[in-house]
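Structural overview
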There are 2 protein chains.
Amino acid sequence: MPVYTPPIEDMQYLLHDVLNVSQSDIPGYDDMDRDLTAAILGEAGKIAAEVLAPLNPVGDRQGCTLENGVVRTPEGFKAAYDQMREGGWNALDCDPEYGGQGMPYLLGSAVGEMFVSANMAFNMYLGLTHGAVNALASHASDAQKATYLPNMIEGRWTGTMNLTEPQCGTDLGLIRTKAEPQDDGTYRITGQKIWISAGEHDLSENIIHLVLAKIPGGPEGTKGISLFIVPKFMVNDDGSLGARNAVSCGGLEEKMGIHGNATCVMNYDGATGFLVGEPHQGLKAMFTMMNEARLGVGIQGHAQGAVAYQNAAAFARDRLQGRAVTGTQNPDGPADPIIVHPDVRRNLMHQKSLVEGARAFVFWGAMLIDRAHRKGDAEADALISLLTPVIKGFLTDKGFETTVLAQQTLGGSGFTREWGLEQFVRDARITMIYEGTNGIQSLDLVGRKLAANGGKPIMGFFDMVKTFIRDNEDVEGLKEPFLDPLKAASKDLQAAAMYFMERAAKSPDDALAGSYDFMHLFGHVCLGLMWAKMARTSLAALEQGAADPDFHRNKLATGRYYMARHLPATGLHLARIRSGGDTVMELSAEAF
Amino acid sequence: MPVYTPPIEDMQYLLHDVLNVSQSDIPGYDDMDRDLTAAILGEAGKIAAEVLAPLNPVGDRQGCTLENGVVRTPEGFKAAYDQMREGGWNALDCDPEYGGQGMPYLLGSAVGEMFVSANMAFNMYLGLTHGAVNALASHASDAQKATYLPNMIEGRWTGTMNLTEPQCGTDLGLIRTKAEPQDDGTYRITGQKIWISAGEHDLSENIIHLVLAKIPGGPEGTKGISLFIVPKFMVNDDGSLGARNAVSCGGLEEKMGIHGNATCVMNYDGATGFLVGEPHQGLKAMFTMMNEARLGVGIQGHAQGAVAYQNAAAFARDRLQGRAVTGTQNPDGPADPIIVHPDVRRNLMHQKSLVEGARAFVFWGAMLIDRAHRKGDAEADALISLLTPVIKGFLTDKGFETTVLAQQTLGGSGFTREWGLEQFVRDARITMIYEGTNGIQSLDLVGRKLAANGGKPIMGFFDMVKTFIRDNEDVEGLKEPFLDPLKAASKDLQAAAMYFMERAAKSPDDALAGSYDFMHLFGHVCLGLMWAKMARTSLAALEQGAADPDFHRNKLATGRYYMARHLPATGLHLARIRSGGDTVMELSAEAF
């Protein structure tokens, strides 16, 4: 069975040494001193390792079952859910007005990584509720907030998002679910939604579905979509639960992974729904939820890579096979541990440098969100909006890649159920698909975010990189291994951005054929920047005689690996982008 | 459910237009005219599409079961096996002396691709028998051949290879299975083998296990390994089956994929074994089997990519979602098929150019084997020996990558069981692991094959590329899109080879830390060469007014994609190789 060790030392390093959170001017950050975050991360890590991780293979094997409309989650999920709820883990960063703990999103993200590493399928029940809470907090009426938020934040009720229908996933303009206005101000919701994560289950007393539907007579396409609250059980005026609403689970999807989470066909048969916000403004509200969900999915991809890497490293230290080419390392054993072999190490360093770089990227992104929301910083808001598709697309691709590499470290054992690596691969795979496939993320990036506000956010990003390089050019040990490759990679990114700007209008196919590579190019520059920042931090720490010099030396070595072996990928991505759209678009559809 | 369309047109193109088989001087090739290969490929394709493909999801869902020592294969496997056997498909390229059809290995490989695309788990029962047949044909005594080969070639008996034990996979020197000589000249085999594919099942009357074991008192390590025949049922002098031997299946492995194939724990409890060849020479014999198995696994990886791609392309033509950015393409429908979107096409072109390039590489490799074996051509033998780890390692990595890309084309549908793409991903995954992990392939390539015979084989490869480029520089339409990038990629490969040669002795860690990238660099150059050859062929065909100009134009367009978007990866691999071993080896084992 796989193990999980919460990466608390690395998280503390990021929070306090790299990001210096308690010195930040973001409201609420001044409370986050080392002791507080150590206590919270420690407690969360304990639950992750001791409660959630052991349930991960159980959830995978048992899956969820549907019988007479009732969905049962795997053994132990309900008890674990209750424990999470009682500990207040559902509501760490939610609004205190409705019972949340009001902690920064950054801390919620750190805790989230641990929960997801330990048990991704389980944590989705919480994650979807969190997204629904945010959508309601931003768009619902005060009365609706009062009715739903306290119970959802407390975890007594959970939430879902209902977008997809059999004929429409990405293209929401094709939605057919109908919402007919009733005399009492409610709507009658009729239609079928598919792939609804946590759509039905036995963990909570009520399920609050957020449903996209069309009010007859409204505008065509996406402009005619409205958002509705459709509770599983109606809520009485006194807050107690009333009659069962006409919404039911019509089937569970059989799928590659995340078996512990119920993926439901949801049938709305004239269910009672409550309009959220204005009619026909549903997409905007759903995007509040979606943007958070995309960051959350980026964290999922990273978190699966992180736990897979841990297990690969542990295996490589233990498994005895062959002798080191430079001389026996374990003379008392029948063979050396496989970690002595250069190719095994290459694989592990590939994983490690991705995982730690991704964690820094997630933390930095989460801090931008706090800066945007808590301080109302428009620049931070624009930057995280630009980075959201990169965090989702790049970190899930790389997270999945990491699980595959980690599985490879185990050889044949990686393919067996017993060791659990193959589950990480299967679970991670969905992160590249849901909440907008990574192809869609790349379109969002190139087609929308890049040109947003006249290109100001990306220019701001380039300035930030340039300033960082300029300000640190004299730091000993930083320039050659870190700043020079970062500069080169950033130049590749600028060249690519320029290429798109020149072609966006006159030849959109050229730009869009390169969108996926651009997303990866951007992701690499972000991780390069993270590694350069971590290197500066660790060089300073060593200079100041840090108590744990080995930690910082290992950081620097891992960073040098990233810069030397991952970052040069920017050149390949740029070459592909510059090859344009012709070779991509030439064939007729029948020729495939 | 996924579909399978045998790629007969593409195979005929490779056999007759590109490789010109019937004009070859290889014995037996003169029979292979267009009509004969069309007939054979047509029949095999029919069985693949109609018999094997429908059983693929059945095998995945049901898996194999073990009860009271009896392993049952999934429903329909036995009937399909009998049909394959009756059609003589087990023995297409086996020795006619023992009942085989004596066809070239090349044709067997082409047919094999189709069978594996249709049902990889099923075809493994045949594939392992084929490998065992070859090992016996090369190393067994005449009496042993007479006893075992006819029944194995006929498919009444199947074969296995038994190497792995719990404490040893890659490092066979650690084998503990004992073979004690008996007075009657047989050996008493005792020990446990794990991960034995097709170790026990209900398809054949007998199972002939080839087992590596150590004769007590022999040399230490790999030099003390011998190879034994251990039949499930003893064979009487008259060829009839006798008593059950003391070998049994102790368990089935639960694994990520290939559920239709039984992966067995095999217990040898004083079983009767027959020595093959000389004592302590077992590894050599096993490598005969292994080398063929490695090529076969390369084909498996490619074949899973090929079928996954087909299904992705079909989905992308059908699924309506969104509108083309350059203007509506399907005005009568609610949306355009997703194949109009540049990023969907990029993904499909990525897959298609890999699949067709890989197929050409496999065919070329198979022809080298025929040249080596049928004509006794030492140069061809040395070249295929060099290329074997590349075919295994690169084509399985790329085959798996293709299945993942194809799954992505389907979005959420790709993650569901129903569409079958996720099975291709899970099945393909093992190809990167078994018969020597791809890391081991890269060590074989850099540590052994590269320097073999003073580097003559790789020099021969470079000469071949150079000659091809020089001979075709004046072909219109070839130079800029094909020859120039091939030349650049080949230069990268030479630079990498030079780097290793300089460092092999004094700094082996530098060389080995780059071995995996070298394997990929080499693979890309091979596929680049294949595409350049296909381009030359198709340009000539167009010039000569070929009957199907669209086929050739599509080939050229697909090739241009490969050269523009895949091949530049050689620069990245070279940069990684040149970064050396320091960043790879620096950390202590505890720092991971």
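What you see is a predicted model, and the numbers here were worked out from it, not measured in a lab. Position numbers for residues count from 1 along each chain, tracking the sequence in the order it is written. Here the convention is simple: chains get letters from A, ligands get numbers from 1, in the order in which they are written. For this predicted model, a pLDDT threshold of at least 70 governs which residues receive local features, and a threshold of 80 or more governs which side-chain atom pairs are given and counted, while totals over whole chains, interfaces and linings are taken from all residues. Hydrogens and water are ignored here; the side-chain numbers use all heavy atoms of the structure.

Structural notes on the overall build of chain A
The numbering of helices and of strands both runs from the N terminus, where a helix is a DSSP run of H or I of at least 4 residues and a strand a run of E of at least 2. Within chain A, the regular secondary structure consists of 19 helices and eleven strands. In this setup the radius of gyration rests on C-alpha atoms only. A globule is expected at 2.2 Å times the number of residues raised to 0.38. The globule rule puts the C-alpha radius of gyration for 592 residues at 25 Å, and the 24 Å found for chain A is close to it. Principal-axis analysis of the C-alpha atoms gives chain A an extent of 80 × 60 × 55 Å. Working definition: with a 1.4 Å probe on protein chains only, accessible area under 20% of the residue-type maximum means buried, over 50% means exposed, and in between means partly exposed. Taking all 592 residues of chain A together, the buried fraction comes to 64%. Within chain A, contacts between residues separated by at least 24 positions form 73% of all contacts whose residues are at least 6 apart in sequence. Under the convention used here, a 1.4 Å probe and the Shrake-Rupley method define accessible areas, while residue burial counts only the protein chains that appear. When the accessible surface of chain A is summed, it comes to about 20500 Å², and 49% of that surface belongs to carbon and sulfur atoms. Once the 52 positive and 71 negative side-chain charges of chain A are each reduced to a mean point, those two points are 4 Å apart. Should any heavy atoms of two residues lie within 4.5 Å, those residues are counted as being in contact. Within this scheme the basic residues Lys and Arg register as positive and the acidic residues Asp and Glu register as negative, but His and the chain ends are omitted. A charge is said to be at NZ when it belongs to Lys, at CZ for Arg, at CG for Asp and at CD for Glu.

Thoughts on the pairing of strand β11 (residues 263-276) of chain B
Residue and element names in this part refer to chain B. Within β11, eleven of the 14 residues are buried, which leaves it mostly tucked inside the rest of the structure. Relative to β11, strand β5 (residues 187-197) runs antiparallel, the two being bridged by nine bridges. When the bridges of β11 are listed, Thr 190 appears paired with Asp 269. Only strands joined by at least two bridges in the DSSP assignment are considered to pair. Both strand β10 (residues 247-252) and β11 contribute to a ladder of five bridges, which runs antiparallel. Each residue of the ladder has a partner; that of Cys 249, found in β11, is Met 266.

Remarks on the packing of aromatic side chains
Residues and elements named next belong to chain B. Under the pairing criterion, centres of Phe, Tyr and Trp rings, with the six-membered ring standing for Trp, must be within 6.5 Å; the plane angle then separates stacked pairs below 30 degrees from edge-to-face pairs above 60, leaving the rest tilted. Overall, the coordinates contain 24 aromatic pairs over all chains when judged by the stated rule. Their ring planes at 65° and their centres at 6.0 Å tell us that Phe 518 and Phe 522 sit as a pair that is edge-to-face. On the criterion of helical spacing, the pair formed by Phe 518 and Phe 522 is a turn pair, its members being four residues apart in helix α16 (residues 515-543). Judged by relative accessible area, Phe 518 falls into the buried class, the value being 0%.

Considerations on the pairing of strand β9 (residues 241-244) of chain A
Residue and element names in this part refer to chain A. Direction of pairing for strand β8 (residues 233-235) relative to β9: antiparallel, over a ladder of two bridges. Bridge assignment links Val 235 to a residue of β9, and that residue is Leu 241. The hairpin turn running from β8 into β9, its antiparallel successor, is five residues long, and Gly 239 in that turn takes a positive phi close to 90°.

What to know about the environment of A:Gly327
Residue placement: A:Gly327 occurs in the loop between α7 (282-318) and α8 (342-375). Along the chain, A:Gly327 and A:Val340 lie 13 residues apart, while their C-alpha atoms are 9.9 Å from each other.

Considering the relation of the copies chain B and chain A
Rotating chain B by 180° about the axis while translating it 0.0 Å along that axis superimposes it on chain A, leaving an RMSD of 0.0 Å. Here the copies are linked by what is in effect a two-fold axis. Distance from the rotation axis, computed per C-alpha, reaches its smallest value in chain B at B:Leu572: 3.3 Å. A share of 100% of the interface residues of chain B reappears at the interface of chain A, consistent with the copies meeting face to face through the same patch. To superpose the copies, least squares is applied to the C-alpha atoms of every residue with a pLDDT of at least 70 in both.

Details of the interface of chain B and chain A
Between chain B and chain A, the residue contacts involve 92 residues of the former and 92 residues of the latter. Carbon and sulfur atoms supply 60% of the area that chain B and chain A bury against each other, a total of about 7700 Å² over both sides. Of all residues in chain B, the largest losses of buried area upon contact with chain A belong to B:Phe415, B:Arg565 and B:Phe592, amounting jointly to 12% of the total for that side. We define a salt bridge as a side-chain nitrogen of Lys or Arg found within 4 Å of a carboxyl oxygen belonging to Asp or Glu. Connecting chain B to chain A are eight salt bridges. A salt bridge links A:Arg560 to B:Glu586; its shortest N-O distance comes to 2.7 Å. Polar contact is defined as a pair of N or O atoms within 3.5 Å, subject to the rule that within protein one atom must be able to donate a hydrogen and the other to accept it, and that residues adjacent in sequence are counted only when both atoms are side-chain atoms. Counting across the interface, chain B meets chain A through 42 residue pairs in polar contact (both at pLDDT 80 or more). Using a 1.4 Å probe, buried area is obtained as the accessible area two parts lose upon being combined, added over both of them.

Focus on the confidence of the model for chain A
Overall, the predicted model of chain A reaches an average pLDDT of 96, with 100% of residues at or above 70. For this predicted complex, the interface confidence score (ipTM) comes to 0.97, while the overall pTM stands at 0.98. Confidence per residue, as judged by the predictor, is encoded in pLDDT with a range of 0 to 100.

A look at the packing of helix α2 (residues 34-62) of chain B against helix α11 (residues 421-429) of chain B
Residue and element names in this part refer to chain B. The N-to-C vectors of α2 and α11 enclose an angle of 70°; their axes lie 11 Å apart at closest approach. The angle between α2 and α11 falls in the class roughly perpendicular. Our pair here, α2 against α11, has a crossing hand that is left-handed. Between α2 and α11, the residues in contact are Asn 56, Pro 57 and Asp 60 and Glu 422, Gln 423, Phe 424, Arg 426 and Asp 427, respectively. In terms of residue class, the contact of α2 with α11 is made up of two nonpolar, two polar and four charged. Every angle, taken between N-to-C directions, lies between 0 and 180 degrees, and every axis is a line fitted to C-alpha atoms, over only the stretch in contact when it is a helix. Here the angle decides the label: under 35 degrees means roughly parallel, over 145 means roughly antiparallel, 65 to 115 means roughly perpendicular, and every other value means oblique. By definition, turning the near helix anticlockwise from the far helix through less than a right angle yields a left-handed crossing, and turning it clockwise yields a right-handed one. In this count, Pro and Cys sit with the nonpolar residues alongside Ala, Val, Leu, Ile, Met, Phe, Trp and Tyr, while Asp, Glu, Lys and Arg are called charged and the others, Gly among them, polar.

Details of helix α1 (residues 8-18) of chain B
Residue and element names in this part refer to chain B. The buried fraction of α1 amounts to eight of the eleven residues, a majority that puts the element mostly inside the structure. Those residues of α1 not exposed but buried are Asp 10, Met 11, Gln 12, Tyr 13, Leu 14, Leu 15, His 16 and Val 18. Where α1 is buried, its residues meet α2, α4 (105-118), α8 (342-375), α16 and α17 (549-566). Of the residues trailing α1, Asn 20 is marked for its positive phi of about 50°.

So, the domain arrangement of chain A
Parsing chain A into structural domains produces domain 1 (8-138), domain 2 (159-279) and domain 3 (450-585). Domain borders in the structure are assigned automatically or taken from a domain database. Each of domain 2 of chain A and domain 3 of chain A has a C-alpha centre, and the two are 41 Å apart.

A word on the pattern of salt bridges
By the definition in use, this model includes 69 salt bridges over all chains. A salt bridge links A:Glu422 to A:Arg426, with the shortest nitrogen-to-oxygen separation between them at 2.8 Å. With A:Glu422 and A:Arg426 both in helix α11 (residues 421-429) and four residues apart, this pair spans about one turn of that helix. Salt-bridge contacts for B:Arg374 lead to B:Asp370; the nearest nitrogen and oxygen are separated by 3.7 Å. In this pair, B:Arg374 and B:Asp370 both sit in helix α8, four residues apart, roughly one turn of the helix. On the basis of relative accessible area, B:Arg374 is assigned to the partly exposed category, the value being 28%. Overlapping salt bridges, with partners in common, bring together A:Asp10, A:Glu113, A:Lys352, A:Glu356, A:Arg359 and A:Lys555 in one network.

A few points about a negative patch on the surface
On the surface, A:Asp30, A:Asp31, A:Asp33 and A:Asp35 cluster together to form a negatively charged patch. By relative accessible area, which is 54% here, A:Asp31 ends up exposed. Residues with no salt bridge and a relative accessible area higher than 30% make up the patches, which join like charges within 9 Å and nonpolar side chains (Val, Leu, Ile, Met, Phe, Trp, Tyr) within 5 Å.

A few points about the state of the cysteines
In this description, the term disulfide denotes a pair of cysteine sulfurs within 2.5 Å. Inspection of the entire model under this criterion finds zero disulfides over all chains. Left without a disulfide partner, A:Cys64 is nearest to the cysteine sulfur of A:Cys264, which lies 7.7 Å away. Lacking any disulfide linkage, B:Cys249 is separated from the closest cysteine sulfur, that of B:Cys264, by 3.8 Å. Classification of B:Cys249 as buried rests on a relative accessible area of 7%.

Regarding the side chain of A:Asn123
Residues and elements named next belong to chain A. Its place among the elements puts Asn 123 in helix α5 (residues 120-139). When its relative accessible area of 11% is taken as the criterion, Asn 123 is described as buried. Not counting residues up to four positions away in its chain, the partners in contact with Asn 123 are Gly 112, Phe 115 and Val 116.

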